[in-house]
Structures are given as C-alpha cells and as structure tokens.
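Remarks on the overall topology
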Amino acid sequence: MTDTRDQRPAETTLDFLRSVFPTEWREPPLGQGAVAEWEQKNGVALPEPYRTFIAEVSNGSSLGPAGDGGLQPLGWLPDTWPDLGPRQPGHPFPLETAWLWEDDESAGPGDPRINAAFNNGSVVLGSEDGQSFWLLLTTGPRRGEVWMIADVGVVPTPGNQAWGFEEWVRRWHTGDDWWD
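Quantities reported herein were computed from a predicted structural model and do not represent experimental measurements.

**Focus on the pairing of strand β4 (residues 153-156)**
Successive residues of a regular strand alternate their side chains across the two faces of the sheet. Sheet analysis places strand β3 (residues 146-150) next to β4, joined by four bridges and oriented antiparallel. Residue W147 lies in a different strand from β4, and its bridge partner there is P156. Linkage of β3 to β4, two consecutive antiparallel strands, is achieved through a turn of two residues.

And the structure:
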C-alpha cells in the first residue's frame, strides 16, 4: 500500500505554496536529484508536499512560517539550535505523543531521550522566538506532522491532531494563531 504522504501533491497544493512564497524571497529549489541524494545519504524519504516544495519551488525562504529567519533550507539549523549531537533524520523519531520533560521527574540533564527528540527523525523547519523550533517528522507513525520542540519538551502542533507541512504554511499565511 502506498502512503499518501509519499504521493506527489496536487497542483493546487503546489500553486498555493508558490503563491505564499514570493519569488524574490525564495531560495533556489534543490531539484529532484539533489533531494534524492540527500534522502539516500540520510536514510529517509521526505514526506510530501515538503519534498516536492524543496525540490521544485524553493529550498527555504527568508519569509516564512517560522518566526525567526523564515523557512530553513533542507538540513540547515537555526543559529540558536542546541548542540546535542549529530542530526539523524532517518533514525526513528522517539515519540508518538507530547512529552514535557520539565514536568517529568525521570528526565534529567543529558537524558538521551531528549537528545533523540532533538536529533532523530525530523528536519528543522525553523525557529520561533529563538528558543523553540519547528520540526517536520520524517520517520515513525507521526511522519509528516509538524511538531514544536524547546528546552522544556516537544509537542505536536497545535495538539494531538498535528498539522502537516501544507496546513502549517496555510495557518501562517492566513494569520491564524498557531494554537487555535
């Protein structure tokens, strides 16, 4: 069975994404070959429509849903990203539900589960207020969803029924509050 997160997005979706990111704010798209090479190197298939967006429309934009610096190019990290080890987008994302480690007495400094939440099974879309980061999950049962991670925990955005890339962009574009 083919996962719908791997099917090429409808042209209406791509037209919407093109309209949201004006040409003058876009980074050049990577092309299908470069995206496939990045996926092979990282042992992961990027979820749609993000994959086609970075391959054919724009590999990042200084204008975008992330509040600080816009939409990051594939594989890039915001300047404020914590150094918790190497990024491994093809390794399993360790969670299926929100985890606020600041409220979890079993979590301590240097907890490997926190490092795994930051580094495994996602690409970083950008930052919000410099201390929170938008992740697009690339592995696991929640693959294709946008989550937010910060020094206190990680949560699906805006809640258990998390948005995919297109809805995340749509909410930003229409000015809907992130948490509505």
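Resuming the write-up.
**Quick look at the nonpolar core**
Within the largest apolar cluster, 25 residues are counted, with the highest numbers of intra-cluster contacts made by L46, Y50, F53, L125, F165, W168 and V169. For this core, the secondary structure elements donating two or more residues are α1 (11-20), α2 (32-42), α3 (50-57), β1 (122-128), β2 (132-137), β3 and α5 (165-174). Per element, the largest residue contribution to this core is five residues, and it comes from α3. In this structure, F165 is in contact with L17, P49, Y50, F53, L71, L125, G144 and V146, ignoring residues within four places of it in sequence. One finds W99, A117, L137 and A162 within the second-largest nonpolar core, a separate group that totals 17 residues.

**Regarding the pairing of β3**
Burial analysis of β3 places five of its five residues in the buried class, the great majority of the element. The alternating pattern of β3 places V146, M148 and A150 on one face and W147 and I149 on the opposite face, and all of these are buried.

**Looking at the packing of α1 against α5**
α5 packs onto α1 with a crossing angle of 40 degrees between their chain directions and a minimal axis gap of 11 Å. Between α1 and α5, the angle is such that the two are oblique. Crossing of α1 against α5: the hand is left-handed. Between α1 and α5, the contacting residues are T13, F16, L17 and V20 on the first element and F165, E166, V169, R170, W172 and H173 on the second. Class assignment of the residues belonging to the contact of α1 with α5 gives a composition of six nonpolar, two polar and two charged.

**Considering unusual backbone geometry**
The peptide bond linking E48 to P49 adopts the cis configuration, its omega dihedral lying at 5 degrees. Mapped onto the elements, P49 comes out in the loop between α2 and α3.

**Here's the deal with the confidence of the model for the protein chain**
Counting all residues, the mean pLDDT for the protein chain is 90, and 93% of those residues have values of 70 or more. Mean pLDDT across the elements of the protein chain ranges from a minimum in α5, with 90, to a maximum in α2, with 98.

**Digging into the side chain of T52**
Within the secondary structure layout, T52 lies in helix α3. Judged by its relative accessible area of 2%, T52 falls in the buried class. The residues touching T52, leaving out its near neighbours within four places in the chain, are R8, P9, L14 and V57.

Reading the values: rules and limits
Residues numbered from 1 in each chain as written. Predicted model: local features only at pLDDT ≥ 70, side-chain atom pairs only at ≥ 80, totals over all residues. Heavy atoms only, no water. Pairing = 2+ DSSP bridges. Helix = DSSP H or I, 4+ residues; strand = E, 2+ residues; numbered from the N terminus. Core = buried A, V, L, I, M, F, W, Y, C linked by side-chain atoms within 4.5 Å. Buried < 20%, exposed > 50% of the residue type's maximum accessible area, 1.4 Å probe, protein only. Contact = heavy atoms within 4.5 Å. Axes fitted to C-alpha atoms, helices over the stretch in contact; angles between N-to-C directions. Parallel < 35°, antiparallel > 145°, perpendicular 65-115°, else oblique. Left-handed = near helix turned anticlockwise from the far one by under 90°. Nonpolar A, V, L, I, M, F, W, Y, C, P; charged D, E, K, R; others polar. pLDDT = per-residue confidence, 0-100.

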